[in-house]
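Fold and geometry: a report
Letter by letter, the chains look like this.
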Amino acid sequence: MSRKVELLAPAGNREAFVAAVENGADAVYIGGQKFSARQYAANFDTEEMEWAVEYAHLRGARVYLAMNTLLDDREIEQALEYLKKPVEMGIDALIVQDPGFASAVRQVYPGIDLHASTQMTIYNIEGVRALEKEGFKRVILARELSLCRIEEICRNTNIEIEVFVHGALCVSYSGQCLMSSMIGGRSGNRGKCAQPCRQRYDFINIETGYLEGDGREKAARKYLLSPRDQCTVGFLDRIVATGVRSLKIEGRMKSPEYVAVVTGIYRKYLDRALEAGDGGYSVDEKDLEILAQIFNRGGFNRGYFFGKTGKDMMCFEKPKNWGIYLGEAISYRSDAHLLKVRLANPISIGDGVEVWTNEDESPGNIITEIRVNGRRTDRAEKGQTAEIGSLSIAGKIPSGCKVYKTSDKNFLDQARKSYEDKSRRKTALHGFIEITEGERTVLRVSDDLGNSAVAVGDMEAETAVTRPISESRVVEQLSKTGNTPFYFSKIDVKITGNPALPVSEINSLRRKALGSLEREIIDCYRRDGRGYRKCGGKDTGSGNSGSNTARAEQSSDPERIYNAAESFGIRDYRSGRVAGISVYFAQIPENIEFAKIKAARVHIPFKYVLDRARAEKTLFAVKGSGAEAFIRLPHITSGNYDRLIREKLAGIAEIGFDGLTLGNIGTLEAVKEILGTGVSDTGGQVSGSKKFKLSADYTLNAFNGRTVGWLRRSGFDTVTLSTELNLDQIERLKLHDLPGIEAMVYGRVAVMTSEYCPAGCICGGASTGRKCAGCSPGRKGLRDRTNAVFPVVTDNMDCRSSIYNSATLLVPELCGRLKKSGVELFRLDFLFEDAETVYDVTAMYSDVLKYGDEALEKYAPLVERLRAGGFTRGHYFRGV
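Residues numbered from 1 in each chain as written. Predicted model: local features only at pLDDT ≥ 70, side-chain atom pairs only at ≥ 80, totals over all residues. Heavy atoms only, no water.

1. Things to note about the overall build of the chain
Rule in force here: For helices the rule is a DSSP run of H or I covering at least 4 residues; for strands it is a run of E covering at least 2, with both sets numbered from the N terminus onward. With C-alpha atoms as the basis for the radius of gyration, the globule rule is written as 2.2 Å multiplied by the number of residues raised to the power 0.38. Residue contacts are counted whenever heavy atoms from the two residues lie within 4.5 Å of one another. For the accessible areas, the method is Shrake-Rupley and the probe is 1.4 Å, while residue cover comes only from the protein chains on display.
Broken down by element type, the chain carries 24 helices and 42 strands. Relative to a compact globule of 880 residues, whose C-alpha radius of gyration would be 29 Å, the chain shows 31 Å and is just as compact. For the C-alpha atoms alone, the extent of the chain along its principal axes is close to 110 × 75 × 50 Å. Nonlocal contacts in the chain, meaning residues at least 24 apart in sequence, comprise 72% of its contacts between residues at least 6 apart. Summed over its atoms, the accessible surface of the chain is roughly 33800 Å², and 46% of this surface lies on carbon and sulfur atoms.

Shown next as structure tokens:
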């Protein structure tokens, strides 16, 4: 394969950045001190960022800045100001999650390339095309895609596609996880995820409280949401063959040694894959061992590249680094802190070990003593019985405990050496030197990208008396580039006459020429105030170097940037309904009578309308109640849902439904194609004389006015605000200028949507090659250490699961304030509620909207009953 494929490595600090570049990364992604999805990494201040950009560009590498969090309206203005210096210093691209921020960047800095973060949850070709229209240069796909799906996307788009190939996996679709946010206010969408997926859970029957699973021990107190890390080093050729442009290593929170090891090994095998083409390649067992030693969680998985693998993807035992297996404890001498082990792998002084004494304790530390046959040694080999010691290995350690080597001093030393010697990676130069008797010497140097510099000597070459300067001597001296980021791949020497020239003059010329070239390269990559390259378009191999096909109007006028309603021409549009109730069903209660629901809209799950007769009956009942009838599509439609939507949606729409609720921008684009209609001036789909309304679900993360405007412009009539906004932020949105706004005020928020199904893996035994039986009757949930229970709802249509918050959002007292802020639709989400509860809750919220907080007195018993089941006020007061 001759096609260039980028290896993209992470860096959370300066050392890790050098480690990435020196070990062969084509590009490195970093975060600044603000607006990064890894807020707990060291990250880069302005001075360090400028150093990093220069360091990379001098060595032929690129730098991408991640500003991949959701931003509120005030923060967008701050982020644009913050971005000014990184743009001017020459970052190569910007990784973003927030569509509103992206639209602002396109207006202020049209020359900078935009990469869509995996946090945007793009999993189909329609989503990629939508972002291509918006001027994105690259899309980082959701991790949940197979090789076939990735290939289909690459084949049908002109923009670059990036995929993750190594490192930690989120159990939820990225951008769709609110678990950390709802539990403790640390939002993954704001770069502060507390990783509740790495905590212990019981899997229980919610109704009985009893454990579920294939045997009691398999469901109790396990890390049921913790995936193994992904490793694809053995099939990079197949990933490259899909047509992807960039292979991404996860790990901005990882150590420099980790970055060095993983980047170096992936560089090695990506090169082999590109050279071998269809011929394939093999991976050395030693390299697999090194990858496991530097970090693994009970081994690796292959991600979703070959489909779902169920429990084979997960690590239920421990969520942190295992290292490699060292052996079982034979005995422990507490007086000497010596643990006897028959070694399955070698151990050396300075290595780290951990002893698995029980589920909660794993004593261990750096080994300071090794004895074999009673004699001290620095190293013990595989197969030997050794006593290993550290003062931190203490307590009761029974025989049979598993012992793991969590770090290898030799590997770490080698990793550090790879980046502490900063002269490893150099840019190739062509040199041409002219030495003419009686004239000053001229040295010209240039790289493969067209950067060049000229240095002229300080003295004229004299006539040689005994020994004239030789070509070999000139080449020898010019080749001494030392710690500079350059080496000469070719040096042409032209000597005229019989000149003599001191070696010091040649050395001086080399230093001046290389210094000038450094400045030339650095300046070439700098950008002007609009984000365009100052050098007119030179690049290291990725990006459009200043062109941007964004549809958004390019303007630096603050009024045009920050007033989203004016910018998108929607000020005069009104939804036609004021302060209405919008009811969402995840599953419809038995014997529900829609006439008793006081709602302006009712949203019916798509699976309930697949049967036409059932759809017509449901539609008749909903419309008979005076409400609009909407079909609610799943947040994620990948798989069978996509097929069914394409086969049945047009027919279902024709029978009289008023609209659709969609949770993903790709689904919106697919719906447009299916219905064969365009977007009207005020949003929605126009089919003949009937307007088919579209509603954006909260999974589209409308966190600011610009995103609301973008969604409206894309075709949505109604937009549900992000459930992570607080009241102050909502009031600052100026919603009276952004009509069709909906806010959730009751129900359980979906905190995860996942291709992994806890029910299938624990109850149904789902794994590679096994049929899942997890969609059995009964309500199931995950119980955490505080006894909070998070319901797990399975969907056998695509073997996908949704995990809901343990507490029900209940804020009737806030409806008045939300109404004053401009919210028009008040969303009630029903999951397990029976019909009577649905009637009572809708009546309460309806009366509160009509009569104000005084109406709550009448519903005090209902509120007390609802609160007794566990309630939350969400983020309305705390925010994220």
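2. Section: the packing of aromatic side chains
Any pair of aromatic rings gets described here by the distance separating the centres and the angle formed by the planes. Basically, it comes down to this: Stacked, tilted and edge-to-face are the three classes applied to pairs of Phe, Tyr and Trp rings, where Trp contributes its six-membered ring and a pair requires centres within 6.5 Å; stacked means planes under 30 degrees apart, edge-to-face means over 60, and tilted covers the rest. Classification of residues uses two cut-offs on accessible area relative to the type maximum, computed with a 1.4 Å probe and protein chains only: under 20% is buried, over 50% is exposed, and between them is partly exposed. Criterion for a charge above a ring: Arg CZ or Lys NZ at most 6 Å from the ring centre, at most 35 degrees from the ring normal.
According to the stated counting rule, one finds 19 aromatic pairs in the structure shown. For the pair Trp322 and Trp356, a centre-to-centre distance of 4.6 Å together with 85 degrees between the ring planes defines the contact as edge-to-face. With Trp322 in the loop between strand E11 (300-301) and strand E12 (324-333) and Trp356 in strand E15 (residues 352-356), this pair connects stretches of sequence that are 34 residues apart. Each member of the pair, Trp322 together with Trp356, is buried. Summarising the aromatic geometry, the rings of Phe606 and Tyr641 are spaced 6.3 Å apart at their centres and angled 50 degrees between planes, so their arrangement reads as tilted. Of the two residues, Phe606 is situated in the loop between strand E29 (601-605) and helix H16 (612-624) and Tyr641 in helix H17 (residues 640-654); the sequence distance between them amounts to 35 residues. Through a chain of ring-to-ring contacts, three or more aromatic side chains come together here, namely Phe585, Phe594, Tyr746, Phe830 and Tyr845. In this structure, Arg14 is placed above the aromatic ring of Trp51, and the distance from its NZ or CZ to the ring centre is 3.9 Å. Over the aromatic face of Tyr258 sits the side chain of Lys254, whose NZ or CZ is 5.0 Å from the ring centroid.

3. Side note on the sheet that holds strand E20 (residues 385-389)
Formally: At least two bridges found by DSSP between two strands is the condition for calling them paired.
Taken together, the eight strands give an open sheet; going across it, the order is E16-E15-E21-E12-E13-E20-E17-E18, and neighbouring strands pair in antiparallel fashion. Edge positions in the sheet fall to strand E16 (364-366) and strand E18 (375-376), since each of these pairs with one other strand and no more. Two elements, E12 and strand E21 (residues 402-407), share four bridges in a ladder whose sense is antiparallel. Its bridge partner lying in E21, Glu328 is registered against Lys402.

4. Notes on the pairing of E21
Bridging between E15 and E21 involves five bridges; their strand directions are antiparallel. Across the sheet, the residue bridging to Trp356 is Lys402, located in E21.

5. Considering the packing of helix H9 (residues 256-276) against helix H11 (residues 409-420)
Quick reminder of the rule: The convention used is that axes are lines fitted to C-alpha atoms, helices contributing only their stretch in contact, and that angles between N-to-C directions extend from 0 to 180 degrees. Relative orientations are named as follows: roughly parallel for angles under 35 degrees, roughly antiparallel for angles over 145 degrees, roughly perpendicular for angles from 65 to 115 degrees, and oblique for any other angle. Under this grouping Gly is polar, as are all residues other than the nonpolar Ala, Val, Leu, Ile, Met, Phe, Trp, Tyr, Cys and Pro and the charged Asp, Glu, Lys and Arg.
Running from amino to carboxyl end, H9 crosses H11 at an angle of 85 degrees, the nearest separation of the two axes being 9 Å. Viewed along their axes, H9 and H11 adopt a mutual orientation that is roughly perpendicular. Only Leu412, Ala415, Arg416, Ser418 and Tyr419 of H11 make contact with H9, whose side of the interface consists of Pro256, Glu257, Ala260 and Val261. Here the contact of H9 with H11 is built from residues that sort into six nonpolar, one polar and two charged.

6. Some words on the nonpolar core
Test applied: Residues belong to a common nonpolar core when they are buried Ala, Val, Leu, Ile, Met, Phe, Trp, Tyr or Cys residues joined through side-chain atoms within 4.5 Å.
Counting 219 residues, the largest nonpolar core has Phe17 and Phe101 as the members making the most contacts within it. Per-element tally for this core: the top contributor is H9, with eleven residues. When near neighbours in sequence (up to four residues on either side) are disregarded, Phe101 contacts Met67, Leu71, Ile76, Ala79, Leu80, Leu83, Leu94 and Val96. With 25 residues, the next largest nonpolar core counts Leu429, Ile433, Ile491 and Leu517 among its residues.

7. Details of the sheet that holds strand E24 (residues 452-460)
The strand order E24-E23-E22-E26 describes an open sheet built from four strands, whose pairing is mixed. Edge positions in the sheet fall to E24 and strand E26 (486-496), since each has one partner strand and no second. Pairs of neighbouring strands in the sheet enclose a mean axial angle of 15 degrees, with direction left out of account. As paired strands, strand E22 (residues 427-436) and strand E23 (residues 440-446) are joined by five bridges and run antiparallel to one another.

8. As for unusual backbone geometry
Its identity as a non-glycine residue notwithstanding, Asn373 has a phi of 55 degrees, on the positive side. Within the secondary structure, Asn373 is located in the loop between strand E17 (369-372) and E18. You will see that Asn701, though not glycine, has its phi angle at about 55 degrees, which is positive. By the element assignment, Asn701 lies in the loop between strand E33 (690-696) and helix H19 (705-714).

9. Brief notes about the pattern of salt bridges
Close approach of charged atoms allows side chains of opposite charge to pair. Stated precisely, the cut-off is as follows: Think of a salt bridge as a Lys or Arg side-chain nitrogen and an Asp or Glu carboxyl oxygen that are within 4 Å of each other.
Tallying each qualifying case throughout the model produces 63 salt bridges. Between Arg129 and Glu673 there is a salt bridge; the shortest N-O distance is 3.7 Å. Of this pair, Arg129 sits in helix H5 (residues 125-133) while Glu673 sits in helix H18 (residues 665-675), placing them 544 residues apart in sequence. A residue is classified by how much of its surface remains accessible, and Arg129, at 30% relative accessible area, is partly exposed.

10. Quick word on H19
What counts, and what does not: Here a polar contact means two N or O atoms within 3.5 Å. Within protein one must be a hydrogen donor candidate and the other an acceptor candidate, and residues neighboring in sequence count only if both atoms are side-chain atoms.
Of all the ten residues making up H19, nine are buried; the element is thus mostly covered by neighbouring parts of the structure. Buried within H19 we find Gly705, Arg706, Thr707, Val708, Gly709, Trp710, Leu711, Arg712 and Ser714. The backbone nitrogen of Arg706 has a side-chain oxygen 3.1 Å away, supplied by the residue at the start of H19, namely Asn704. Two residues or fewer past H19, Gly715 is found with a positive phi of approximately 135 degrees.

11. Focus: the environment of Leu131
Tracing the backbone through its elements, the reader meets Leu131 in helix H5. Judged by its relative accessible area of 0%, Leu131 is buried. Considered as a pair, Leu131 and Ile604 are 473 residues apart in the sequence and their alpha carbons are 29 Å apart. Contact partners of Leu131, with chain neighbours within four places excluded, come to Ala116, Met120, Ile122, Phe136 and Val139.

12. Some remarks on the packing of helix H2 (residues 46-58) against helix H13 (residues 503-525)
For any two helices packed against each other, one specifies the crossing angle of their axes together with the interaxial distance. Where we set the bar: Whether a crossing is left-handed or right-handed is set by the direction in which the near helix is turned from the far one by less than a right angle, anticlockwise for left-handed and clockwise for right-handed.
Taken N-terminus to C-terminus, the directions of H2 and H13 make an angle of 115 degrees; their axes are 10 Å apart at the nearest point. Between H2 and H13, the angle falls in the class roughly perpendicular. The way H2 lies across H13 gives a crossing that is right-handed. Between H2 and H13, the residues in contact are Glu54, His57 and Leu58 and Glu518, Ile521, Ile522 and Tyr525, respectively. Per-class residue counts for the contact of H2 with H13 are four nonpolar, one polar and two charged.

13. Description of helix H24 (residues 860-868)
Definition in use: What the arc covers is the set of directions going from the helix axis to the C-beta atoms.
Listing the buried residues of H24 in full gives Leu862, Val863 and Leu866. What you see down the axis of H24 is that its buried residues fit within an arc of 100 degrees, all on one side. Turned more than 90 degrees from where H24 packs its buried face, Pro861, Glu864 and Ala868 sit exposed. On its buried side, H24 packs onto strand E35 (741-747), strand E40 (808-810) and helix H23 (835-851). Once H24 ends, the next one or two residues include Gly870, with phi positive near 100 degrees.

14. Details of the confidence of the model for the chain
Convention followed: Each residue carries a pLDDT score, the predictor's confidence in it, ranging from 0 to 100.
For the chain, the mean per-residue pLDDT works out to 90, and 90% of the residues sit at or above 70. Low confidence marks residues 543-577, where pLDDT is under 50. Its contacts with residues over four positions away, or in another chain, come to 91 contacts.

15. Side note on the side chain of Arg783
Summarising the element assignment, Arg783 is placed in strand E37 (residues 780-783). Here the side chain of Arg783 touches Gly209 through a polar contact of 3.4 Å, landing on its backbone oxygen. When neighbours within four sequence positions are excluded, Arg783 is seen to be in contact with Arg200, Tyr201, Asp202, Ile204, Gly209, Leu211, Ala788 and Val789.

16. Some words on the state of the cysteines
To be explicit about the condition: To count as a disulfide, a pair of cysteine sulfur atoms needs to be within 2.5 Å.
Counting across every chain of the model gives zero disulfides. Free cysteine Cys170: the closest other cysteine sulfur is in Cys197, separated by 6.7 Å. Lacking any disulfide linkage, Cys197 is separated from the closest cysteine sulfur, that of Cys193, by 5.9 Å.

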